[in-house]
Amino acid sequence: MTHAIDGGKPVRDTPIDTDKGVSYLSEQEEMQAVEDVLRSRSLFRYYGPQLLRKTEAFEQRLRDITGAKYALGVSSGTAALQAALVGLGVEDGDEVVVPAVTFIATVGAVINARAVPVFAEVDESLNLDPISFEAQVTSKTKAVVPVHLANVACDMDPIMAVARRHGIRVLEDAAQAMGVTYRGRQVGSIGDAGAFSLQLSKNITTGEGGALVTGDFTVFDRAARYHDQGGQFTTSTGDVRELTSGEPFIGTNLRMTEIAGALAAAQIDRLERIVSSMRGFAAEIRRRLGDLPVEWRRIPDPMGEGGSVTMFFESSDTAIHFADALRAEGIPAGRVYGGRPVYANPAVLNQRTAWSVGCPFNCAEHPTDRTYAMGMCPRSEDLLGRSLSIGIGPMMTQGDVDDIVAAVRKVAEHLL
Ligand SMILES: Cc1ncc(COP(=O)(O)O)c(C=O)c1O
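Bear in mind that the values here come from a model prediction, so they are computed numbers and not experimental data.

Peer 1: Could you give me a rundown of the site of the ligand, with the residues and numbers involved?
Peer 2: Around the ligand, the structure places 16 residues, and the nearest of them are T78, D173, Q176, S197 and K202. Between an oxygen atom of the ligand and a side-chain N or O atom of Q176, the distance comes to 2.7 Å. The separation between an oxygen atom of the ligand and a polar side-chain atom of K202 is 2.7 Å. For the shell around the ligand, the per-class residue count stands at five nonpolar, nine polar and two charged.

Peer 1: Break down the domain arrangement of the chain for me, with residues and values.
Peer 2: Here the domain parsing of the chain yields domain 1 (4-16 + 271-339 + 380-415) and domain 2 (28-270). The distance between the C-alpha centroids of domain 1 and domain 2 comes to 30 Å. Facing the 24 residues of domain 1 at the interface are 33 residues of domain 2. Interface area for domain 1 against domain 2, summed over the two sides, is near 2,300 Å², with a carbon-plus-sulfur share of 57%. On the domain 1 side of the contact with domain 2, L271, R297 and Y337 bury the most area, a combined 30% of that side's loss. Ionic pairing is found between D123 and R298, a salt bridge with its closest N-O pair at 3.0 Å. Across the contact surface, domain 1 and domain 2 share 18 residue pairs in polar contact (both at pLDDT 80 or more). Breaking the side of domain 1 that touches domain 2 down by element, the ones donating at least two residues are α9 (271-288), β13 (309-312) and α12 (378-385). When residues in the side of domain 1 that touches domain 2 are grouped by element, the largest group, six residues, is from α9. Tallied by class, residues from the side of domain 1 that touches domain 2 come to eleven nonpolar, six polar and seven charged.

Peer 1: Quick rundown of the side chain of N203? Include the residues and the values.
Peer 2: The topology assignment puts N203 in the loop between β8 (193-197) and β9 (210-214). On the basis of relative accessibility, which here comes to 4%, the residue N203 falls in the buried class. For N203, the side chain forms a polar contact with the side chain of N151, separated by 2.8 Å.

Peer 1: Provide a residue-level description of the packing of aromatic side chains, including the pertinent values.
Peer 2: Evaluated as defined, the whole model comprises ten aromatic pairs. Between F44 and F233, the aromatic rings sit 5.1 Å apart at their centres with planes inclined by 80°, giving edge-to-face as the arrangement. Of this pair, F44 sits in the loop between α1 (28-40) and α2 (54-66) while F233 sits in the loop between α7 (217-226) and β10 (236-237); the two residues are 189 residues apart in sequence, bridging distant segments of the chain. According to the relative accessible area criterion, F44 is partly exposed, its value standing at 24%.

Peer 1: Lay out the pairing of strand β4 (residues 141-144) in plain terms, naming residues and giving numbers.
Peer 2: Note: strand β2 (residues 95-99) against β4, three bridges, orientation parallel. Bridged to V97 within β4 is V144. As defined by bridge partners, β4 adjoins strand β5 (residues 169-173) across two bridges and the pair is classed as parallel. Across the sheet, A143 pairs through a bridge with R169, a residue of β5. Handedness of the crossover is the feature at issue here: the chain leaves β4, passes through helix α6 (residues 156-166), returns alongside β5, and the resulting connection is right-handed.

Parameters and conventions
Residues numbered from 1 in each chain as written. Predicted model: local features only at pLDDT ≥ 70, side-chain atom pairs only at ≥ 80, totals over all residues. Heavy atoms only, no water. Near = heavy atom within 4 Å. Polar contact = N/O pair within 3.5 Å; in protein donor to acceptor, adjacent residues only side chain to side chain. Nonpolar A, V, L, I, M, F, W, Y, C, P; charged D, E, K, R; others polar. Domains from an automatic or database assignment. Contact = heavy atoms within 4.5 Å. Buried area = accessible area lost by both parts, 1.4 Å probe. Salt bridge = Lys/Arg side-chain N within 4 Å of Asp/Glu carboxyl O. Helix = DSSP H or I, 4+ residues; strand = E, 2+ residues; numbered from the N terminus. Buried < 20%, exposed > 50% of the residue type's maximum accessible area, 1.4 Å probe, protein only. Phe/Tyr/Trp six-rings, centres within 6.5 Å; stacked < 30°, edge-to-face > 60°. Pairing = 2+ DSSP bridges. Right-handed = clockwise from strand over helix to strand, strands pointing away.

Here is the structure:
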């Protein structure tokens, strides 16, 4: 059979639907929830002519689902990470360990919290390697941000063990994994705090939006105050402004709108079905392709995995050709993050922020001897280069799964 990339007939000529929460936005529940907020004319979460408290309802559902004591809806996943870092007490010049494989927002949140990102390797799970994390620990290390990448939970037990051994706070970046479990616990609720994204491509969505959870009142209180201009509405009841954890500080505005709160509250009821549907498709694809001469991404908790298909080839050349050939067959596929670690971003390599070059990564007031260069996490670079990830969505059909399996086999016959 001639490959589509060589002019043959593609396995598919219609796209596979890999949309997640976005697929349900025109359902009755979502439409009604938004309409109710518009009719109430109360789009601000803290007051309005007829406040419906939709954001509060979403936070309650998130607490119920995650088992976390506190939850806060915010304006994005990045906002959730940044507010959580402030909540955890990260300060100027503290070091925060992040994996070499993540979205740039994880790094940006650390820098915008005035801390210094330190990169650790991922292992064959493409998630933080606890041994590499421990090797990066110094007296300046305040926090670590394990990232549950593409609906696969990090191996949290060894990560938590390292963190506890060194007194390091753990912020789970669960932006890409809401609803996924690890050893029976919801990701985001295992560390000291967890951050979720509700951006358009995520498991459930409000277009832009996010949330954080924590079991620690001080973390919650500091994060809530930070997200609300230091606590303008969060800490006020009528005329009384309560200062609960420490002195007041300047915050910013990362508040969730009631429209986003209403959508999030409607979508969260679909979360379990969305995640289990993707998990089923991913497991079937891996099982049916189990005989291929490739290495599969390690899933630390197969019971809790949320739906993701990633494999590694022997060389990056094969991965590139395989991805090109699969896309020509009509299958959504590519190397994870284009085969490059997050620190390949020139802003990271050159330590550039919006306010200056080299600060606070490495300025006189916030000295750090950390420098960044390609090659600093060689195992992560190697794994990314050889990776191939296939898109999965909850609305896929059995026919889509059959086509993915057929296309991978067709390409593998020539390339492996
Ligand atoms: C791993 C990771 N962290 C953080 C974020 C940031 O989320 P948002 O886009 O909602 O700010 C994203 C999402 O895009 C992400 O994938």
